[in-house]
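So the chains spell out like this:
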Amino acid sequence: MEKKIINPWTWQDARSYVQAVEVKHVESTLYVSGQTAIDEHGISSDEHMRIQLQKTLENLEKVIREADFELQNIVRLNIYTTDSAALFENFDLFQEWINRNQIKQTSTVLEVQQLFESLKVELEATVVK
C-alpha cells in the first residue's frame, strides 16, 4: 500500500489533519462505525468531555487493532460532538494521540444536536492496509 499526503498549505498541521490522502495498491479497507465512550457492558458514559474523549480513543484503537490494522493507516477520521467548545478545550488529548500514533488523516468536525444517550463525542474512521 502506498499513501501520499496532499497539503497545499501548512496551516492545517497545527490542527492535526491533512487536506487529502491518496492511497494506491490497497490490500484491504476497514470502515469503522462511530466509536464513543461506551464501556464493555454497553453502558454510555455520563462523564465530562475529556474522559469521554479518552475512552472514545481507546475504543477506536481497540476496534482497529482487533481487525489487525494499524493506527498509522487511518486515512479518514470524522469527529461528531455535541459541544464543540468543550471538544476544542480538550483537543490536546486528541492531537497527542494523533501525533503519538503518526496518523496523517483527513478529518471533518461536526457539532450535532445529540448523540446516543449521554454521549458527547463520536469518532468514525476509515483505515487501509
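Scoring rules and cut-offs
Residues numbered from 1 in each chain as written. Predicted model: local features only at pLDDT ≥ 70, side-chain atom pairs only at ≥ 80, totals over all residues. Heavy atoms only, no water. Helix = DSSP H or I, 4+ residues; strand = E, 2+ residues; numbered from the N terminus. Rg over C-alpha atoms; globule rule 2.2 N^0.38 Å. Buried < 20%, exposed > 50% of the residue type's maximum accessible area, 1.4 Å probe, protein only. Contact = heavy atoms within 4.5 Å. Areas by Shrake-Rupley, 256 points an atom, 1.4 Å probe, with all protein chains shown as cover. Lys, Arg positive; Asp, Glu negative; His and termini not counted. Charge placed at Lys NZ, Arg CZ, Asp CG, Glu CD. UniProt positions renumbered as here; feature names shortened; annotations may be inferred. Polar contact = N/O pair within 3.5 Å; in protein donor to acceptor, adjacent residues only side chain to side chain. Phe/Tyr/Trp six-rings, centres within 6.5 Å; stacked < 30°, edge-to-face > 60°. Lys NZ or Arg CZ within 6 Å of the ring centre and 35° of its normal.

Asks: Would you mind going over the overall build of the chain with me for this structure?
Replies: When helices and strands are counted, the chain shows 3 helices and 6 strands. Ordering the α and β elements of the chain from the N terminus gives β-β-β-α-β-α-α-β-β. Relative to the compact-globule value of 14 Å for 129 residues, the chain shows a C-alpha radius of gyration of 15 Å, a close match. By principal-axis analysis of the C-alpha atoms, the chain measures approximately 40 × 35 × 25 Å. Each of the 129 residues in the chain was classed as buried or not, and the buried ones make up 39%. Sequence separation of at least 24 residues holds for 73% of the intrachain contacts in the chain that already meet a minimum separation of 6. Summed over its atoms, the accessible surface of the chain is roughly 7,500 Å², and 46% of this surface lies on carbon and sulfur atoms. Side chains of the chain carry 13 positive and 21 negative charges; the gap between the two charge centres is 7 Å.

Asks: For this particular structure, what's the right way to read the UniProt feature "coiled-coil region" (unreviewed entry) in the chain?
Replies: Per the UniProt record, "coiled-coil region" (unreviewed entry) is found at residues 50–77. Annotated as residues 50–77, this span is 61% helix and 14% strand, and its ends, taken at the C-alpha atoms, are 18 Å apart.

Asks: Please explain helix 3 (residues 91–100) as it appears in this structure.
Replies: Because an α-helix packs 3.6 residues into every turn, residues spaced three or four apart end up facing the same way. All buried positions along helix 3 are accounted for by F91, L93, F94, Q95, W97 and I98. Packing partners of the buried residues in helix 3 comprise helix 1 (49–66), strand 4 (74–81) and helix 2 (84–89).

Asks: Would you take a moment to explain the environment of E117 for this structure?
Replies: Structurally, E117 is set in the loop between strand 5 (109–111) and strand 6 (121–128). When its relative accessible area of 52% is taken as the criterion, E117 is described as exposed. For the pair E117 and S45, spaced 72 residues apart in sequence, the C-alpha separation works out to 8.7 Å. Among the polar contacts listed, one links the side chain of E117 to the side chain of S44, at a separation of 2.6 Å.

Asks: Can you walk me through the packing of aromatic side chains in this structure?
Replies: Two measures describe an aromatic ring pair: the distance that separates the ring centres and the angle between the ring planes. What the rule picks out here adds up to 4 aromatic pairs. One aromatic cluster is present, formed by W9, W11 and Y17 through successive ring pairs. When the ring centre of F69 is taken as origin, the NZ or CZ atom of K129, which lies over that ring, is 4.6 Å away.

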